[in-house]
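So you can see what is in the structure, the chains are spelled out below.
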Amino acid sequence: MFSSEAWLANPGANFYNGVATQSLRLDGGTEITLDNAGAATSNKIATISVWFKRADELTTLAYLFHSKNDGSFGDGSNGLASFSITLDAADTISVVQYNGNPSFNANQYDFGVQIQNRKFRDMGSWYHLVVAIDTTQGSGTTNEANRIKIYINGEQQTVVAISDGSGYQDFADENQLVAVNQDGEQRWGGTVDDGTYAHVYLAEINVVDGLQLTPSNFGETKNGVWIAKNPSVSEYGNHGYRLQFKETGVGAGASDTVGADTSGKNNHFTTHSNIAAHDCAMPDSPENNFATLNPVYKTKNNQPTFSEGNLKVTPSQVAYQNTFSTMGVSSGKWYAEILVKGTAVSANYFGIADIAGIDYLQNTSTVIGYSSSSYGIRMLSGAKYNNDSLVSYGSQVTNDQVFNIALDMDNGKVWFGSEGTYFNSGDPAGGSGEAYASLAGTFFIGMTQYTNGFTSSTINFGQDSTFAGDETATSNADANGIGAFHHAPPSGFLALCSANLPEPTIGPNSGANNQSDDHFNTVIYDGTNGEKAISDVGFQPDLVWLKRRNADGHHHMWHDSSRPLYGYIRSSLTNVENTDSGYNWFKSFDTNGFTVSYSSTGGGNTSEYSTSGGTYVAWNWKANGGTTVTNESGSIDSTVQANTTAGFSIVTWTGTGATVTLGHSLGKKPDVMIVKNRDATNSWVVYHSANTSEPATEYLLLNDTAGTADNNTLWNDTEPTDSVFTAYGQGAMNGNTNQMIAYLFTEIEGYSKFGSYTANNSTDGSFVFTNFTPAFVMIKSTSQTESWDMHDNARNPFNVNDKSLIANGSNTENVVVVARQQLDFLSNGFKLRNAGDGNASINNESGTYIYMAFAKNPFKYSTAQ
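About the criteria used
Residues numbered from 1 in each chain as written. Predicted model: local features only at pLDDT ≥ 70, side-chain atom pairs only at ≥ 80, totals over all residues. Heavy atoms only, no water. Pairing = 2+ DSSP bridges. Helix = DSSP H or I, 4+ residues; strand = E, 2+ residues; numbered from the N terminus. Axes fitted to C-alpha atoms, helices over the stretch in contact; angles between N-to-C directions. Buried < 20%, exposed > 50% of the residue type's maximum accessible area, 1.4 Å probe, protein only. Lys, Arg positive; Asp, Glu negative; His and termini not counted. Salt bridge = Lys/Arg side-chain N within 4 Å of Asp/Glu carboxyl O. Polar contact = N/O pair within 3.5 Å; in protein donor to acceptor, adjacent residues only side chain to side chain. Phe/Tyr/Trp six-rings, centres within 6.5 Å; stacked < 30°, edge-to-face > 60°. Lys NZ or Arg CZ within 6 Å of the ring centre and 35° of its normal.

J.: I'm lost on the sheet that holds strand β38 (residues 593-596) in this one. Help?
T.: For sheets, the rule is that strands pair by backbone hydrogen bonds, running either parallel or antiparallel. Sheet architecture is open: three strands sit in the order β33-β38-β37, paired in antiparallel fashion. Here the strands that pair on one side only, and so sit at the sheet edges, are β33 (532-534) and β37 (586-590). If you compare each strand with its neighbour and ignore which way they point, the axes differ by 15° on average. Alignment of β37 against β38, held across four bridges, turns out to be antiparallel. Bridge assignment links D590 to a residue of β38, and that residue is G593.

As structure tokens, then:
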């Protein structure tokens, strides 16, 4: 439990309720059990609530929870039954009950339901799962589905009946007897019978015997984030319990062991199968999410084996095998430890990796790492970091030592040491003797291994000073009183966990009207043959980008509050801005959205906005409420409305036909600029800061599929600055007397990200770290002829996110997508989940892509997706 001083010291710590603060680590082959005796309060009604964090990539079914009766349901009804909640090999969640001796043959389902159309592959943060059972509900389709309700992060999921292998499938029958809380055994992490185990962290478990409750009994939404609260349970029933995992004792269930029941019912769980003190009362929790190694962020082919809650890796073959932390940092001071076991060879390193340095194809990384046998610092695959050179450093050390990493991103330095002493007389606290300086960007902590000579490497970000039992427990905390390290962190250096992450400018704890969806939000709506107010945007938007989803031939319509309401422009065309005020189908910008209308007269059908049977999406950004100012920073004046908090401005000006500079009012260098000549048939010109190493000499076209084009005139070979950007004196950029507009975005940590990645042509695709859960991602190949691919969390609230639209086309949603444009939105970024096939794709072999991404929530506060 955090000390009161630690809570006060850490930004965001008081955001939570102090409820789910410890966890139990189950590493496959480990479980906790309870043997119930006597009758349950109910054999038809129960509620199961659990927070869990995944710690493996499933290839087989794993049992999260399993319960079995001893042949009786307590009311005179006899018969064996076996109830389970499983994490399935297809990354889904199922709730199943078998009858009879559990040989799991065909035709043995009492019932089986599975969450529909959702993949659970996020290992960066925590899920909350509630299974609410009441089989007394009567007949009818709705009641049938609601007899077994499943909720994730507070939201009820759509479930479907699943087959037992013989073609038989069914929901629970009315008054179905259920083997939860009966006279018999319950297990978390495994099964009663066949030893199929889960790799998970568990926190704040509540099981209620006799009541069907809702997630609101165990959690609440706070500023858009689902968090744990003290359970509101009137009666746990005969066999109910609450497990908070505060203790470190193991063995037979008791009030002082990790399986202690704190509900007052004294239904204590016994620990089995190799659970040790170091697995108990871990600080990694839903209220302080610790970094682990990330199985979705690794080398494409040569993959190590992960264990011990994703803190331990074991090489699988002689080849580069990279793995890095779930958290990346661009500021602050951070400390971690690595225990290396086995025989060391020269191509094994621990260290840090640049966010842009993970190369899935070459199986190497832009890594600054200490080589434990060559006693040097090696920089792999990056001229930026000495171009694969080995620099003499430190001294050779023996194996089975604890190595130290101190990363100071405020000053761009890193130190390496062994057993608390830093090489070359390094002093991280004093800022001297560093291994490398001049670091800039976002870095991860991890390892690159080239051989199976190592038995294993285990990392400690502050959650386990024993390295899964290989070392003696110690309790060295960081400066905020958080963590348990083998050696004392240098003064001012912190454990890598969410409580220590800096408070984002925009986020759930950033003040009223300053959450992510107060600046950007996506909404979907159905059209009508009449005026329609879209009132769920949540703010008055200043840029509304609209698209009809369910019919071909409908273009992307752009409206902003710096231009006339009727003045639509279309990113899928080069056409001029509409100037006919009779075509006023976009009626108004409203307090919480906007209003559109429909007319079949006055210039044609307006089904781009609202027609009966039409489905629509609108992406919305907030600038300055339509209030503009004159900016005199450039060589000519511009008219600007800017939202400096969210890094977005709309700039208009009258073209001169000459090269000019224009003020943008962002106060920070733009990362993305989209320019359109409103008066001429010209393309939409795009600058992106990650478009090659010299973005001011390159451009992309939003209305076109072409890759990056080399042209040093459009931006006058001049990077934008904190105050101005440059436009060349020609039609598309600054046509003489033409009305021009530019939409500019600058990156805001935890809210927006504008970067690049290299594809790998695999369903285990590239991972892109954004430091937030995405709400919107738009991707464009810079090296190939491919469309601008758009994904959001309104059209696809769950993974896999495969409903794509293309910004340069009038296509129906998904017409050119199929299986080639799939990705997962995760708590800390997005993961490509399709292989390219030479056609439209976001993951073609060797392709380089740029992206724009906006947040749902910053990673500091994100639940697993």
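J.: So what exactly am I meant to see when it comes to the side chain of E287 here?
T.: Mapped onto the elements, E287 comes out in the loop between β17 (270-272) and β18 (293-298). Despite its burial, E287 remains without a salt bridge, the nearest opposite charge being carried by R242 at 8.3 Å. At 2.7 Å, the side chain of E287 forms a polar contact with the backbone nitrogen of V19.

J.: I keep staring at the sheet that holds strand β53 (residues 789-792) and nothing clicks. Help me out?
T.: In spatial order, the strands read β50-β57-β52-β53-β54; together these five strands make up an open sheet with antiparallel pairing. With partners counted over all chains shown, the strands left at the sheet margins are β50 (752-758) and β54 (805-806), one partner each. Pairing of strand β52 (residues 772-781) with β53, which is carried by four bridges, proceeds in the antiparallel orientation. The residue of β53 that forms the bridge with I779 is D789.

J.: Please explain the pattern of salt bridges as it appears in this structure.
T.: Between side chains of opposite charge, pairing is possible as soon as their charged atoms come close. Per the counting criterion, the structure on display carries 23 salt bridges. For E577, the salt bridge goes to R563, with nearest N and O atoms at 2.5 Å. Placement of the pair is E577 in the loop between β36 (569-570) and β37 and R563 in the loop between β35 (557-560) and β36, with a sequence separation of 14 residues. You can call R563 buried: its relative accessible area is 6%.

J.: Would you mind going over the packing of aromatic side chains with me for this structure?
T.: We describe a pair of aromatic rings using the distance from one ring centre to the other and the angle between the two ring planes. For the coordinates displayed, the defined rule picks out 45 aromatic pairs. Ring geometry for F65 versus W188: centroids 4.7 Å apart, planes at 50°, classification tilted. Taken together, the positions of F65 in strand β4 (residues 62-69) and W188 in strand β12 (residues 184-188) put the pair 123 residues apart, joining distant regions of the chain. No difference in accessibility class separates F65 from W188, as the two residues are buried. Between F120 and Y127 the ring centres are 5.4 Å apart and the planes differ by 65°, which places this aromatic pair in the edge-to-face class. Across this residue pair, the class does not change: F120 and Y127 are buried. Stacked on the ring of Y201, the Lys or Arg K53 has its end atom at 5.6 Å from the ring centre. Above the plane of the ring of F15 lies K222, whose end atom (NZ or CZ) is 4.7 Å from the centre.

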